[in-house]
Amino acid sequence: MTNDLMTTLTLHSPLDMHLHLRQDAMLKAVAPLSAETFAGAVIMPNLVPPVDSLERLKWYREEILAAAGREDFAPYMTLFFRAYTREELEAAKPHIIGIKLYPAGITTNSEGGVSQIDQAEPTMRLMEELGIPLMIHGESNGFVMDREAEFLTIYRRLAERFPRLKIVMEHITTAAALVLLNEFENLHATVTVQHLIITLDDVAGGMLNPHLFCKPIAKRPEDREALAHAAVTAHPKLCLGTDSAPHPQHKKECCGCAAGVFTAPIALQLLAGLFDEHDALDRLQAFVSDNARRIYDVTPPAKAVTLAKKPFTIPASYGEVVPMWAGREIPWSVVGA
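Every chain is numbered independently, its residues counted from 1 as its sequence is written. Thresholds applied to this predicted model are a pLDDT of at least 70 for local features of residues and 80 or more for the giving and counting of side-chain atom pairs; totals over whole chains, interfaces and linings are not thresholded and use all residues. As a convention, hydrogens and water are excluded, and side-chain values are obtained from all of the structure's heavy atoms.

S.K.: Would you mind going over the pattern of salt bridges with me for this structure?
M.R.: A side chain of one charge can pair with a side chain of the opposite charge when the charged atoms of the two come close. Salt bridges are defined as contacts in which a side-chain nitrogen from Lys or Arg sits within 4 Å of a carboxyl oxygen from Asp or Glu. Throughout the structure, instances matching the rule amount to 14 salt bridges. Among the salt bridges present, the one from arginine 82 reaches aspartate 52, with a minimum N-O distance of 3.9 Å. Residue arginine 82 is located in the loop between strand S4 (74–80) and helix H3 (86–92), and its partner aspartate 52 is located in the loop between strand S3 (40–43) and helix H2 (54–68); the two are separated by 30 residues in the primary sequence. Residue arginine 125 is joined to glutamate 128 by a salt bridge in which the shortest nitrogen-to-oxygen separation is 2.8 Å. Placement of both arginine 125 and glutamate 128 in helix H4 (residues 117–130) is noted, with a separation of three residues, approximately one turn of the helix. One salt-bridge network, held together by shared partners, links Asp118, Glu121, Arg157 and Arg161. Counting from the N terminus, the helices are DSSP H or I runs at least four residues long and the strands are E runs at least two residues long.

S.K.: Can you help me understand the packing of aromatic side chains in this one?
M.R.: Each aromatic ring pair is specified by the distance between its two centres and by the angle formed by the two planes. Whether two aromatic rings pair depends on their centres lying within 6.5 Å, for rings of Phe, Tyr and Trp, where Trp uses its six-membered ring; planes under 30 degrees apart make the pair stacked, over 60 edge-to-face, and the rest tilted. Applying the stated criterion across every chain yields a total of five aromatic pairs. Either the NZ atom of lysine or the CZ atom of arginine qualifies as a charge over a ring when it sits within 6 Å of the ring centre and within 35 degrees of the ring normal. One cation-aromatic arrangement involves arginine 328 over tryptophan 325; the distance from NZ or CZ to the ring centre is 4.0 Å.

S.K.: Can you walk me through the environment of alanine 308 in this structure?
M.R.: Residue placement: alanine 308 occurs in strand S10 (residues 304–308). On the basis of relative accessible area, alanine 308 is assigned to the buried category, the value being 3%. Along the sequence, alanine 308 and threonine 233 sit 75 residues apart, while their C-alpha atoms lie 21 Å from each other. In this scheme, a residue with accessible area under 20% of its type's maximum is buried, one over 50% is exposed, and one in between is partly exposed, where area comes from a 1.4 Å probe on protein chains only.

S.K.: I'm lost on the sheet that holds strand S7 (residues 167–169) in this one. Help?
M.R.: Pairing between strands is defined by DSSP: at least two bridges between the two strands are required. Across the sheet, which stays open at both edges, the eight strands sit in the order S2-S3-S4-S5-S6-S7-S8-S9 with parallel pairing between neighbours. Edge positions in the sheet fall to strand S2 (15–19) and strand S9 (238–240), since each of these pairs with one other strand and no more. Across the sheet, the mean angle separating the axes of adjacent strands is 25° when strand polarity is ignored. Here three bridges tie S7 to strand S8 (residues 187–191), and the two strands are oriented parallel to one another. In the strand pairing of S8, methionine 169 is matched with alanine 189. Structural elements are reduced to axes, namely lines fitted to C-alpha atoms, with helices fitted over the stretch in contact, and the angle between N-to-C directions of any two is expressed from 0 to 180 degrees.

S.K.: Honestly, the pairing of S4 in this entry has me stumped. Any pointers?
M.R.: Remember that side chains alternate between the two faces of the sheet whenever the strand is regular. Where burial is concerned, most of S4 is hidden: seven out of the seven residues are buried. The sheet contact formed by S3 and S4 spans four bridges and is parallel. By the bridge assignment for S4, glycine 40 is matched with alanine 74. Crossover handedness for the path S3 to H2 to S4: right-handed. In terms of strand pairing, S4 meets strand S5 (residues 98–101) through three bridges, oriented parallel. When the strands point away from the viewer, a crossover counts as right-handed if the route from the first strand across the helix to the second turns clockwise.

Here it is, written out as structure tokens:
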């Protein structure tokens, strides 16, 4: 990894296991940015209307491939959770990596989500029988800092009721979620770049920074430290899911700020910096690829992405989307980008 000029690191087939690509003009703008440095990504289905049929899923996949413009980028598709029949699930299984459950109204375009978990259990039972993973945005409608903590009891109940169902706790934000992750064999988790680096203080401790506002909201320093420790020690049940969520600048810098942090084109650079700080560059491969391949049993396209310890200034914007830490210089760059 080291030569006389600089430190370099090559990652093999990095994967983003939680990504928002939107649709139409936004899709065309942001898909190439993920396809440049990731070999594949799990695509979220919360469009308007949601991706909740095989026909719509196939259409969306073709739109993504056309927008990405690269053969070495695989979109791993998900369906929006609703009550599905066995026949629908059997038909969809070859085309999906899992089904994403949103509590109703909890985040962007989730109004058609699940309002009563008990009513979702018949579909979960079918998913367990068919071996289809369940991905969950795990928040309640309670006090904003407690929403993930309150949902942990639901994760526990589902893990116990469906022991053969692979359940992924998406974008976890608390130390308590890590404790639960270790209790059940069928629980897995993703974590975002921002939740490994920032706390709520960065979002609202001084001047409000709307470009760091997301759901789940960033938490306390002790939560960030626990998550970062799990990531840099290559926790085998944890993998990168950026939850990169693009919104036009005017929808972030306004009253009623949209939730979402855009990190897709800078995620690997930021992670290299974090892992370097912890003398853990040798574990970054597991966090950004190997764990996900094992958890989901996927073989992504071959892609080598080389990073160098060379300063990089994050652009002020990518088109109409402002990224996390716009304008800031960070210590790692993607070679050739």
